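Residue-level structure breakdown
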Amino acid sequence: MPMHLQGRSSSHFTRIPRIFAAELEIDLELHVIADLLSTDPLDYGGHPALKMPTLHTDAGIWFGSLPICRELALCSDLSLDIVWPEDLQRPVAANAQELVLTAMSTEVGLIMGKASGVAADNAQQVKLRASLLGAMDWLEMNHLRAIDTLPPERDLSFLEVSLFCLIEHLEFREVLSLDAYPALRAFGQRFARKSSARATEFKFDFPSP
Ligand SMILES: N[C@@H](CCC(=O)N[C@@H](CS)C(=O)NCC(=O)O)C(=O)O
């Protein structure tokens, strides 16, 4: 069975393994999930928690962007030097990774809330936005120090790929402008030049209703 990923071209958690696959020269077919309000795991490629992405290989189903990227790395013929979250020894780098993933999940909460008609001034949405802004302010101040701790000989790091997917997604989904985050915007512009980033640009798989 050829490997395929169930997800969406508009999803930041889906884009992480798509960038990894491109860097690792793995042919990965995207199968688009149609209905994000479905409560049937089968509509999410068998994900019991109703999330995307899932990877489907001969070995089985893989849930979540990090386990999927690890499996892609194991299946690749290239021996890329990859920095994984558990390799981040310094607090600034470990905290950056934690805040990137937290901000990505917070963004999902904001988008799903808006899409299902929750008002922006709902207390939960207000807290989600405050959480996102807190994470972004910290990342604006600290992401370069975090990246500086990575081994210079690396080919790829989960931290940089996930940070890139987060910051491009914020503007793509009109959740937050990057105007207040010039250093993060500059990081995103540099990373966006990679062919793996250009090959996986965010887009909506369906026309808006
Ligand atoms: N920890 C998971 C998070 C996955 C996740 O939150 N995916 C979002 C899309 S980017 C999702 O499925 N959203 C739909 C929903 O939460 O209902 C991962 O790393 O893949």
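One structure accompanies this document, and this report is about it. (Residues numbered from 1 in each chain as written. Predicted model: local features only at pLDDT ≥ 70, side-chain atom pairs only at ≥ 80, totals over all residues. Heavy atoms only, no water.)

1. Topic: unusual backbone geometry
Of the consecutive residues M52 and P53, the connecting peptide bond is found in the cis state with omega at 5°. By the element assignment, P53 lies in the loop between β2 (29–32) and β3 (54–57). Unlike most non-glycine residues, E25 shows phi in positive territory, near 55°. Residues other than glycine seldom take positive phi values, yet L50 does so here, at roughly 60°. Turning to its location among the elements, L50 is positioned in the loop between β2 and β3. (Helix = DSSP H or I, 4+ residues; strand = E, 2+ residues; numbered from the N terminus.)

2. Observations concerning the site of the ligand
If you check the shell around the ligand, you find S11, H12, F13, K51, M52, P53, G64, S65, V108 and M112 and nothing else. K51 places a polar side-chain atom, nitrogen or oxygen, 2.5 Å from an oxygen atom of the ligand. A distance of 2.8 Å separates an oxygen atom of the ligand from a polar side-chain atom of S65. Protein burial of the ligand: of its 510 Å² of free accessible surface, 79% is covered by the chains. Those elements that place two or more of their residues in the shell around the ligand are α1 (12–23) and α3 (91–115). Looking at the shell around the ligand, its residues break down into 5 nonpolar, 4 polar and 1 charged. (Near = heavy atom within 4 Å. Polar contact = N/O pair within 3.5 Å; in protein donor to acceptor, adjacent residues only side chain to side chain. Areas by Shrake-Rupley, 256 points an atom, 1.4 Å probe, with all protein chains shown as cover. Nonpolar A, V, L, I, M, F, W, Y, C, P; charged D, E, K, R; others polar.)

3. Some remarks on the packing of aromatic side chains
Counted under the stated rule, the structure contains 6 aromatic pairs. Ring geometry for F187 against F191: centres 6.1 Å apart, planes inclined by 40°, an arrangement best described as tilted. In this pair, F187 and F191 are both assigned in helix α6 (residues 182–191), 4 residues apart and thus about one turn of the helix distant. Given a relative accessible area of 7%, F191 falls into the buried group. Here the aromatic cluster, defined as three or more aromatic residues joined through ring pairs, consists of F20, W84 and F158. Directly above the ring of F191 sits K194, whose terminal nitrogen or CZ lies 5.5 Å from the centroid. (Phe/Tyr/Trp six-rings, centres within 6.5 Å; stacked < 30°, edge-to-face > 60°. Buried < 20%, exposed > 50% of the residue type's maximum accessible area, 1.4 Å probe, protein only. Lys NZ or Arg CZ within 6 Å of the ring centre and 35° of its normal.)

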